[in-house]
Amino acid sequence: MADSSSSPGSIMVTGGAGYIGSHAVQRLLRDGHTVVCVDNLARGHRAAIDRLACDTLHFHQADIGDGDTIEKLLKDYNVSTIMHFAALAYVGESVTDPLKYYRNNAAGALAMLEAADRAGVSRFVFSSTCATYGEPPADMVPIPEHCPQSPISPYGASKLHVEHMLRDLAEAKRRANQPFGYAALRYFNVAGSDRSGLIGEDHDPETHLIPVVLQAAMGQRDGISIFGTDYPTDDGTCIRDYIHVEDLIDAHVTVMHALEPGDERHYNLGIGTGYSVRQIIDAAQRVTGTTLKITDGPRRAGDPPKLYANPAKIKGELGWTASLTDLDETIASAYRWFQKHPNGYDA
Ligand code: UDP
């Protein structure tokens, strides 16, 4: 686990009522930080915040696009570091409704950064994505950070715009002798839930593979449709890298403690092993002891065939690696949450 001894002061977590953001809030509170959580609750869950409630958690329902409110919160709480998770994150939806993604993810982050700049925030940890790589050339999988970024979905493009804003802002601040440090953490696929069983994944609609498969195993869906079986992979289905959500957050904490004003850090966060859609379904059947109805369906727009990380850079620079690399254990962790909360945060 990351060293949590040095305190960077108040931390703002945007999207803190969402799946990944709530795990960040939980971890930062455990580490003794004061957390200012901002979420517009469009897709996040008030119940996640209520479950984490304590004296050092300050929740504000606000939109990241509302720069004046964000600036005021940053100043009121003397925030030194922002972890920015708030975003829309469905590749398929981004293809059908691209402007919504540019509005929320790119314009929203722009308003955040303007507010952060006005408030003098010196460190920014950004939730980026492997979708910024698009379809990497075959000789660049597993994917290193220097792989060309050429997204094939508006989701990936919206996140890449934010990486560019951060790069350019950091450069301008350096020239102005007001160093600003940022990290762009490019997530692969995130799965599982926290060990205490308090918070977990609850999307509406749920489109992500592992939750969908587990809901099918619990009889909440008829079965599972595989989106494309003619990809250039061993079994014809897409390959992804599934990192446990608590490992993902541990990497954020490690990076946050290492981040100095003036730094520009880019890391891939994955386990370094890819699993196909069929392998995920097989593992879920093993873990749940069920046999699922599987349908071979057409490809989903915006899906590259193979995305898995070369995680060597963060290991080399910060000594960080994922602690959970066993696929069945990751799926079992997600399954525990879904069994305990079959209707998510709804009672
Ligand atoms: N997928 C699938 N059936 C589903 C949901 C997802 O075949 O019901 C596939 C999807 O096409 C992709 C992989 O599973 O290749 C992971 O998709 P997910 O939506 O979980 O994450 P993404 O890779 O889009 O971030």
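Within each chain, residue numbers correspond to sequence positions counted from 1 in written order. Restriction of local features to residues with pLDDT of at least 70 applies here, the model being predicted, together with a cutoff of 80 or more for giving and counting side-chain atom pairs; totals for whole chains, interfaces and linings are based on all residues. Neither water nor hydrogens contribute to the side-chain values; these are computed over all heavy atoms in the structure.

**Examining the sheet that holds strand 4 (residues 79-84)**
Between any two strands, pairing holds if DSSP finds at least two bridges. Here a strand is any run of E in DSSP of at least two residues, a helix any run of H or I of at least four, and the numbering for each starts at the N terminus. With respect to topology, seven strands assemble into an open sheet ordered 3-2-1-4-5-6-11, the strand pairing being parallel. Two strands lie at the open edges of the sheet, namely strand 3 (57-61) and strand 11 (264-269), each paired on one side alone. Pairs of neighbouring strands in the sheet enclose a mean axial angle of 15°, with direction left out of account. In the sheet, strand 2 (residues 35-39) pairs with strand 3 via five bridges, with the strands oriented parallel. The partner of Val-35 across the bridge, within strand 3, is Leu-57. Inter-axis angles, ranging from 0 to 180 degrees, are taken between N-to-C directions of lines fitted to C-alpha atoms, where helices are fitted over the stretch in contact.

**Here's the deal with the site of the ligand**
Taken together, 16 residues sit near the ligand, with Leu-209, Ser-225, Phe-227, Arg-300 and Asp-303 positioned nearest. Think of a polar contact as two N or O atoms within 3.5 Å of one another; within protein, one of them needs to be a possible hydrogen donor and the other a possible acceptor, and neighboring residues in sequence only count if both atoms come from side chains. Between the ligand and Asn-189 there is a distance of 3.0 Å, counted from an oxygen atom to a side-chain nitrogen or oxygen. Within the side chain of Arg-240, an N or O atom sits 3.0 Å from an oxygen atom of the ligand. For every accessible area listed, the method is Shrake-Rupley and the probe measures 1.4 Å; residues are considered covered only by the protein chains on display. In the complex, 90% of the free accessible area of the ligand, which totals 520 Å², lies under the protein chains. At the level of secondary structure, the elements contributing two or more residues to the shell around the ligand comprise helix 7 (209-217) and strand 8 (224-227). When residues in the shell around the ligand are grouped by element, the largest group, four residues, is from strand 8. Across the shell around the ligand, the residue classes tally to nine nonpolar, four polar and three charged. It suffices for a single heavy atom of a residue to lie within 4 Å of a molecule or strand for the residue to be listed as near it. When residue character is reported, Ala, Val, Leu, Ile, Met, Phe, Trp, Tyr, Cys and Pro are called nonpolar, Asp, Glu, Lys and Arg charged, and the others, Gly included, polar.

**Quick notes on the pattern of salt bridges**
Side-chain pairs of opposite charge can arise whenever the charged atoms involved come near each other. Here, a salt bridge means any Lys or Arg side-chain nitrogen found within 4 Å of an Asp or Glu carboxyl oxygen. Per the stated rule, a full pass over the model turns up 23 salt bridges. A salt bridge links Arg-174 to Glu-171; its shortest N-O distance comes to 2.6 Å. Of this pair, Arg-174 and Glu-171 both sit in helix 6 (residues 154-175), separated by three residues, roughly a single helical turn. Only protein chains enter the area calculation, which uses a 1.4 Å probe; residues under 20% of their type maximum are buried, those over 50% are exposed, and those in between are partly exposed. Judged by relative accessible area, Arg-174 falls into the partly exposed class, the value being 36%. Here Arg-174 makes a salt bridge to Glu-264, at a shortest N to O gap of 2.6 Å. Note that Arg-174 is positioned in helix 6 and Glu-264 in strand 11, a separation of 90 residues in sequence. On the basis of relative accessible area, Glu-264 is assigned to the partly exposed category, the value being 31%. One salt-bridge network, held together by shared partners, links Asp-68, Glu-71, Lys-75 and Arg-118.

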